[in-house]
Amino acid sequence: MQLRKFNVKLNKIDHVMISHLHGDHFFGLMGMISTMHLFKRIKDLHVYGPPDLSEIIVSILRYSKSYLNFKLVFHPLESDTPELIFENEILTVHTIPLTHGIRCNGFIFREKPKPRKINKETMPEGFSLQNIARLKMGLDIVDGEGNLIYKNEELTLPEKVSFSYAYCSDTTYNENIIPLIRNVSLLYHESTFGTDMEQRAIETYHSTAKQAAIIAQKANVSKLILGHFSVRYKDLEPLLSEAKGIFHETILAREGESIILEH
Ligand SMILES: [Zn+2]
Ligand SMILES: [Zn+2]
């Protein structure tokens, strides 16, 4: 329903990653799969999640006598250590094992290094495609004997920054994730509670806003998004200021908001 509300085209979604089997994190999945079916999807859909999710999906389809007109490819996430679960030409996705009382993974999305940009101003005419490819890889242009003709920097501009996004929900305060998320451009970290409820956070395997900020600071991330707030907080400003006291570049997650990463 939220995807529809915010005009996200379902047909653009080919991979869905589920962190864990608490209802607030996956009860929407079957509705989305049914809607994709009703919209006559034919492309494969890849779902990554805890192994038991497979049985849940199959049971719901079986007992509702639903026969999907597309292939659903399930990828069970069984490892207790980080693993590469997806890779294409522009990005990789690794799991971030979290501590939440039940099997739970965060995910880290990393853009691969981008090719150097051709500088149209300095580019001589009639350059071969092969040489352009060499330039984009950062190589110099040499003649048949290996003599330098153009240095790479003469004909190219630096590549664009590669961004990374770490999604960590739900988890108790866990410093083991720091090396996995170090230097990411954007960290989403749950902050279900404020420090006033720190004991409750420990008991329920959740984090406080302050703890999320400590993780962000220790991991040297560029920006932190807080989310997954307990409904007890009608006003979220105290959580924000608690986090900002430790890590200034913090914002509150709001449904439907886009965050633009600056170069
Ligand atoms: Zn949970
Ligand atoms: Zn949750």
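See above for the structure.
Structural notes, computed from the coordinates.

The rules behind these values
- Residues numbered from 1 in each chain as written.
- Chains lettered and ligands numbered in written order.
- Predicted model: local features only at pLDDT ≥ 70, side-chain atom pairs only at ≥ 80, totals over all residues.
- Heavy atoms only, no water.
- Helix = DSSP H or I, 4+ residues; strand = E, 2+ residues; numbered from the N terminus.
- Buried < 20%, exposed > 50% of the residue type's maximum accessible area, 1.4 Å probe, protein only.
- Contact = heavy atoms within 4.5 Å.
- Pairing = 2+ DSSP bridges.
- Donors = N, O, S within 2.8 Å, 3.2 Å for Na, K, Ca; no water.
- Tetrahedral: all angles 85-135°; square planar, octahedral: opposite > 155°, others 65-115°.
- Disulfide = S-S within 2.5 Å.
- Axes fitted to C-alpha atoms, helices over the stretch in contact; angles between N-to-C directions.
- Left-handed = near helix turned anticlockwise from the far one by under 90°.
- Phe/Tyr/Trp six-rings, centres within 6.5 Å; stacked < 30°, edge-to-face > 60°.

### Some details on the side chain of Ser230
In this structure, Ser230 sits in the loop between β13 (224–227) and α9 (237–244). Given a relative accessible area of 12%, Ser230 falls into the buried group. In this structure, Ser230 is in contact with Thr192 and Phe193, ignoring residues within four places of it in sequence.

### Brief notes about the pairing of strand β5 (residues 91–97)
Most of β5 sits inside the fold, with five of its seven residues counted as buried. Strand direction decides the pairing type here: strand β4 (residues 84–87) and β5, joined by three bridges, are antiparallel. Each residue of the ladder has a partner; that of Leu84, found in β5, is His94. Joining the antiparallel neighbours β4 and β5 is a turn of three residues. In this structure, β5 lies alongside strand β6 (residues 105–111), joined through seven bridges in antiparallel fashion. Of the residues in β6, the one forming a bridge with Val93 is Phe109.

### Comments concerning the coordination of the zinc ion (ligand 1)
In the first shell of the zinc ion (ligand 1), the protein supplies His20 (NE2), His22 (ND1), His100 (NE2) and Asp170 (OD), at 2.1 to 2.5 Å from the metal. Linear spacing of the donor residues for the zinc ion (ligand 1) on their chain is H-x1-H-x77-H-x69-D. A gap of 3.4 Å separates the zinc ion (ligand 1) and the zinc ion (ligand 2), which Asp170 links by coordinating each metal. Within this pair, whereas His20 is found in the loop between β1 (15–17) and α2 (23–38), its partner His100 is found in the loop between β5 and β6, the two being separated by 80 residues in sequence. For the pair shown, His20 and His100 are each scored as buried.

### Considerations on the environment of Leu84
Looking at the element boundaries, Leu84 is found in strand β4. In this structure, the C-alpha to C-alpha distance between Leu84 and Lys244, residues 160 residues apart in sequence, is 32 Å. When neighbours within four sequence positions are excluded, Leu84 is seen to be in contact with Thr92, Val93 and His94.

### Let's talk about the coordination of the zinc ion (ligand 2)
Only Asp24 (OD), His25 (NE2), Asp170 (OD) and His228 (NE2) from the protein reach the zinc ion (ligand 2) as donors, at distances of 2.1 to 2.2 Å. Geometry at the zinc ion (ligand 2) is irregular, judged from the four donor atoms that bind it and their angles of 90 to 173° at the metal. Here the donor residues for the zinc ion (ligand 2) map to a single chain with the spacing D-H-x144-D-x57-H. The buried category is assigned to His25, whose relative accessible area is 15%.

### Description of the state of the cysteines
For the structure on display, the rule yields zero disulfides. With no disulfide partner, Cys104 has as its closest neighbouring cysteine sulfur the one in Cys168, 9.1 Å distant. By relative accessible area, which is 4% here, Cys104 ends up buried.

### Things to note about the packing of helix α8 (residues 209–218) against α9
Their axes nearest at 8 Å, the elements α8 and α9 cross at an angle of 35°. α8 and α9 meet at a crossing whose hand is right-handed. In contact with Ala209, Lys210 and Ala213 of α8, α9 contributes Leu239, Glu242 and Ala243.

### As for the packing of aromatic side chains
For the structure on display, the rule yields four aromatic pairs. Considering the side-chain rings of Phe26 and Phe27, the 5.1 Å spacing of their centres and the 65° angle between planes classify their relative orientation as edge-to-face. Judged by relative accessible area, which is 10%, Phe26 ranks as buried. Overall, Phe27 belongs to the exposed group, its relative accessible area being 63%. A centroid spacing of 6.1 Å and a plane angle of 20° characterise the contact between Phe109 and Tyr165, whose relative ring orientation is stacked.

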